[in-house]
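Report on the structure
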Amino acid sequence: MALFSKKEKLSEADFQIVPEHLGIIMDGNGRWAKKRGLPRTAGHKVGAEVFRTICQECVNLGIKYVTFYAFSTENWKRPKSEVDAIMALFKDYLLEAKRDFVKAGNNRIIFIGEREGISQELLDLMDEAEAETASHTGTIVYLAVNYGGRQEIVSAVNKLIAQGKTEIDENDISENIYTVPECDLIIRPSGEQRLSNFLLWQAAYSEFWYSDVLWPDFKKEDLYSALREFEKRNRRFGG
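Let me sum up the structure you'll find in this document. (Residues numbered from 1 in each chain as written. Predicted model: local features only at pLDDT ≥ 70, side-chain atom pairs only at ≥ 80, totals over all residues. Heavy atoms only, no water.)

Formed by 42 residues in total, the largest nonpolar core has its most connected members in Ile-24, Phe-68, Phe-90 and Phe-111. Ranked by the residues each element gives to this core, the list is headed by helix α3 (residues 80–100), at 6 residues. With residues near it in sequence (within four places) discarded, Ile-24 still touches Ile-54, Cys-58, Val-66, Thr-67, Phe-68, Tyr-69, Ile-187, Phe-198 and Trp-215. (Core = buried A, V, L, I, M, F, W, Y, C linked by side-chain atoms within 4.5 Å. Buried < 20%, exposed > 50% of the residue type's maximum accessible area, 1.4 Å probe, protein only. Helix = DSSP H or I, 4+ residues; strand = E, 2+ residues; numbered from the N terminus. Contact = heavy atoms within 4.5 Å.)

What follows is the structure, encoded as structure tokens:
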């Protein structure tokens with residue numbers, strides 16, 4: 001299944017307002033597999049297909065930025081066999097996505113997170129994917145791999161120190177984090193109601209939408225439900 005279709009389509013859904021920056025925490029793969037008596041890796045495999053579907057729908061809806069939380073800095077604590085399986089799926093995704101970039105329209109992919117711990121083979125594939133879509137000006141898809149929100153802020157501060165900054169303000173941080181500074185809506189399926197170290201800086205005024213649906217069962221209709229709820233929110237940004 002291609003990450004992007006050759007010809008951009010309008011979504012089957014119609015919204016008056018969509019978030020400019022949408023964050024999605026892809027959660028519940030392991031629990032989905034356990035409920036079915038399957039290895040956790042089976043949940044990750046199905047979850048990867050759901051990611052492709054939802055990613056394409058975000059593009060179809062005209063969302064400007066979408067950030068998917070794929071693998072956190074804390075996920076390295078999981079059993080090695082599970083981590084290895086996730087990285088193998090990630091490699092398969094990158095190889096397939098690479099073939100798709102020639103027909104990816106005007107969409108761009110950017111990987112965010114720390115590079116330490118990721119194999120050089122994967123890093124090379126990530127770099128190639130970014131390079132091949134760098135000039136594109138359509139939807140920007142951020143994929144958070146080996147990512148932590150606290151580490152992102154620390155990284156921004158260290159960049160500023162390296163630049164010789166001795167006093168740092170909010171704009172400095174916003175200009176040096178991995179993604180655009182504001183996230184309008186964060187979706188978290190699986191029944192959990194916490195950020196889990198995701199987009200801490202960007203989420204200062206985010207709206208949240210939670211669901212008991214596990215990520216492998218997440219459908220376009222669930223995305224639409226979140227977006228319809230977002231349309232109803234009265235966003236005051238602290239005012």
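So, next bit.
A few words now on helix α4 (residues 120–133). When the terminal C-alpha atoms of α4 are compared, their 20 Å separation across 14 residues agrees well with the 20 Å that a helix rising 1.5 Å per residue should span. Regarding α4, the residues found buried are Leu-122, Leu-123, Leu-125, Met-126, Ala-129 and Thr-133. Buried residues of α4, seen end-on, are gathered within an arc of 165 degrees and therefore sit on one face of the element. (Expected span 1.5 Å × (residues − 1). Arc of directions from axis to C-beta.)

By the secondary structure assignment, Glu-121 is in helix α4. The spacing of Glu-121 and Val-83 is 38 residues in sequence and 16 Å in space, taken between C-alpha atoms.

Inspection of the entire model under this criterion finds 10 aromatic pairs. On the basis of an interplanar angle of 90 degrees and a centroid distance of 5.7 Å, the ring pair of Tyr-69 and Tyr-147 is categorised as edge-to-face. Here the residue Tyr-69 occupies a position in strand β2 (residues 65–72), and Tyr-147 occupies one in strand β4 (residues 140–147), the gap between them amounting to 78 residues. Summarising the burial analysis for this pair, Tyr-69 and Tyr-147 share the class buried. Considering the side-chain rings of Trp-215 and Phe-218, the 5.1 Å spacing of their centres and the 25 degrees angle between planes classify their relative orientation as stacked. Residue classification places Trp-215 among the buried residues on the basis of a relative accessible area of 0%. Residue classification places Phe-218 among the buried positions, given a relative accessible area of 3%. Members of the aromatic cluster, connected to one another through ring pairs, are Tyr-69, Tyr-147, Tyr-178 and Phe-198. (Phe/Tyr/Trp six-rings, centres within 6.5 Å; stacked < 30°, edge-to-face > 60°.)

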